[in-house]
Amino acid sequence: MAIGDLWEVTTGDCSDLYYLDTGMYDTEGYGAVYILDTEKPAIIDSGIGTNYERILDALSELGIAREELEAIVLTHVHLDHAGGAGFLAEECPNADVFIHEIGARHLVNPEYLVKGTKSAVGDQWEFYAEPKPVPEDRVVEITDGDVIDCGNELKAIHAPGHAPHQVVLHDRENDAVFTGDAAGIWVPKIERVRETSPPSDFDLDTCLDDVETIREISPTTLLYPHFGPRPYSDKAMDEYGEVLSQWVAAVESQRAAEGDDEAVIEHFVEEQEMDDVWGKRKAEAETVLNTRGVLHYLDQRDDD
């Protein structure tokens, strides 16, 4: 699969479901957006906004006119998932934008979100587009247990470990879960799941609760925005729980050894092994972000 490619989800019994490699961070196999080609077409997540035209092209490829799109459903408001929402809403005038109630205000006024993202991602900001606000009357606030009717029924389940405004979405007809970042980052090239622990909201215990939330649903298919479909198994959930727990323990141990957070970050940057998958720049930036998130979590934990 290459940047810009649109593929049908063939895992499990999924139908009328497609995913697009948006080319996030100019990196192949990192950022996916899903399209439900139902009687009420929907997009799940919207990318960072930079390459939103690729999503519009994918709609055209599927024969979905822009005015036919009915829903833009966001798993959470982080800009790698919600940054394209305003652009898509402008181009698709009949689509409502669905987001957990905690994150709704950031779609209408993204100023605070942009400030936080710039602080977190540093020079990676060059890959982002300044998000367009979503008109308030186009934003639909959802909460735990709400069902979105977009041809298929999507049940929203609150999963706040990665971010307080995150939901996972159970597509009942396809028996698939759009995971947001609650199940980690799936890397199909190496068939491994990786941690995602960015500042400032990452919380280990709540993330582990979110893993159990997905386990309770026990769908046939997991649909990762990072990246692509994967058959569900309890083993996959076990794997991510272990990855997260071991990752936090490793950062905590290194901090105790180093006594200096910048040295801790540099240690894990030197140790990371994803250059051949994502490229050196993205692999290193991902490590910095995830290490900072754990360090912030440890500080918050110790203050409680």
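Going by the structure above, here's the rest.
Parameters and conventions
For every chain, the first residue of the written sequence is number 1, and numbering continues from 1 onward in sequence order. Local features in this predicted model are restricted to residues whose pLDDT is 70 or higher, and side-chain atom pairs enter the listing and the counts only when it is 80 or higher, whereas totals over whole chains, interfaces and linings include all residues. Note that water and hydrogens are dropped before the side-chain values are worked out from all heavy atoms of the structure. Under the DSSP-based scheme used, a helix requires at least four consecutive residues in state H or I and a strand at least two consecutive residues in state E, with every element numbered from the N terminus. Every residue pair with non-hydrogen atoms within 4.5 Å of one another is taken to be in contact. Inter-axis angles, ranging from 0 to 180 degrees, are taken between N-to-C directions of lines fitted to C-alpha atoms, where helices are fitted over the stretch in contact. Reported orientations rely on four angle classes, namely roughly parallel under 35 degrees, roughly antiparallel over 145, roughly perpendicular from 65 to 115, and oblique for the rest. Ten residue types, Ala, Val, Leu, Ile, Met, Phe, Trp, Tyr, Cys and Pro, are classed as nonpolar, four, Asp, Glu, Lys and Arg, as charged, and the remainder, Gly among them, as polar. Relative accessibility under 20% of the residue-type maximum defines a buried residue, over 50% an exposed one, and the middle range a partly exposed one, all with a 1.4 Å probe and only protein chains included. The charge count treats Lys and Arg as positive and Asp and Glu as negative. His and the chain ends do not count. Here a salt bridge means any side-chain nitrogen of Lys or Arg lying within 4 Å of a carboxyl oxygen belonging to Asp or Glu. Two strands qualify as a pair provided DSSP detects at least 2 bridges between them.

## As for the environment of V134
- Within the fold, V134 resides in the loop between α5 (111-121) and β7 (139-142).
- When the C-alpha positions of V134 and Y224 are compared, they lie 24 Å apart, and in sequence the two are 90 residues distant.
- Beyond its immediate chain neighbours, meaning those up to four positions away, V134 contacts A85, G86, V97, L107, V108 and V139.

## Topic: the packing of helix α7 (residues 234-258) against helix α10 (residues 280-303)
- The interhelical angle for the contact between α7 and α10, taken along N-to-C directions, is 75°, at an axis separation of 10 Å. Viewed along their axes, α7 and α10 adopt a mutual orientation that is roughly perpendicular. For the pair α7 and α10, contact is made by W247, V248, V251, E252 and R255 and by N290, T291, V294, L295, Y297, L298, D299 and R301, respectively.
- Classifying every residue of the contact of α7 with α10 by side-chain character gives seven nonpolar, two polar and four charged.

## A look at the side chain of R138
- The topology assignment puts R138 in the loop between α5 and β7.
- Buried and unpaired, R138 has D96 as its nearest opposite-charge partner, separated by 4.7 Å.
- Apart from residues lying up to four places away in sequence, R138 is in contact with A89, C92, P93, N94, A95, D96 and V97.

## So, the sheet that holds strand β9 (residues 152-158)
- Pairing within the open sheet is mixed, and its six strands lie in the order β8-β9-β10-β11-β14-β15. Two strands bound the open sheet, and with one partner strand each, they are β8 (147-150) and β15 (228-231). Across the sheet, the mean angle from the axis of one strand to that of its neighbour is 25°, orientation sign disregarded.
- With three bridges joining them, strand β10 (residues 167-171) and strand β11 (residues 176-178) adopt antiparallel strand pairing. Each residue of the ladder has a partner; that of L169, found in β11, is F178.
- Set on the sheet, helix α6 (residues 204-217) makes contact with β9, β10, β11 and β14 (221-224); between it and β10 the angle comes to about 10°.

## Comments concerning the sheet that holds strand β5 (residues 71-73)
- The seven strands are arranged β1-β2-β3-β4-β5-β6-β7 in an open sheet whose pairing can be described as mixed. Either end of the sheet is taken by a strand with one partner, and the two such strands are β1 (6-8) and β7. Across the sheet, the mean angle from the axis of one strand to that of its neighbour is 25°, orientation sign disregarded.
- Examined bridge by bridge, β1 and strand β2 (residues 17-21) share three bridges and lie antiparallel to one another. The residue bridging E8 from the neighbouring strand is Y18, located in β2.

## Structural notes on the pattern of salt bridges
- Going through the model one piece at a time under the given rule, you end up with 17 salt bridges.
- A salt bridge links E212 to R215; its shortest N-O distance comes to 3.0 Å. Residue E212 and its partner R215 are both found in helix α6; the two are separated by three residues, about one turn of the helix.
- Two residues, R292 and E262, come together in a salt bridge whose shortest N-O distance is 3.2 Å.

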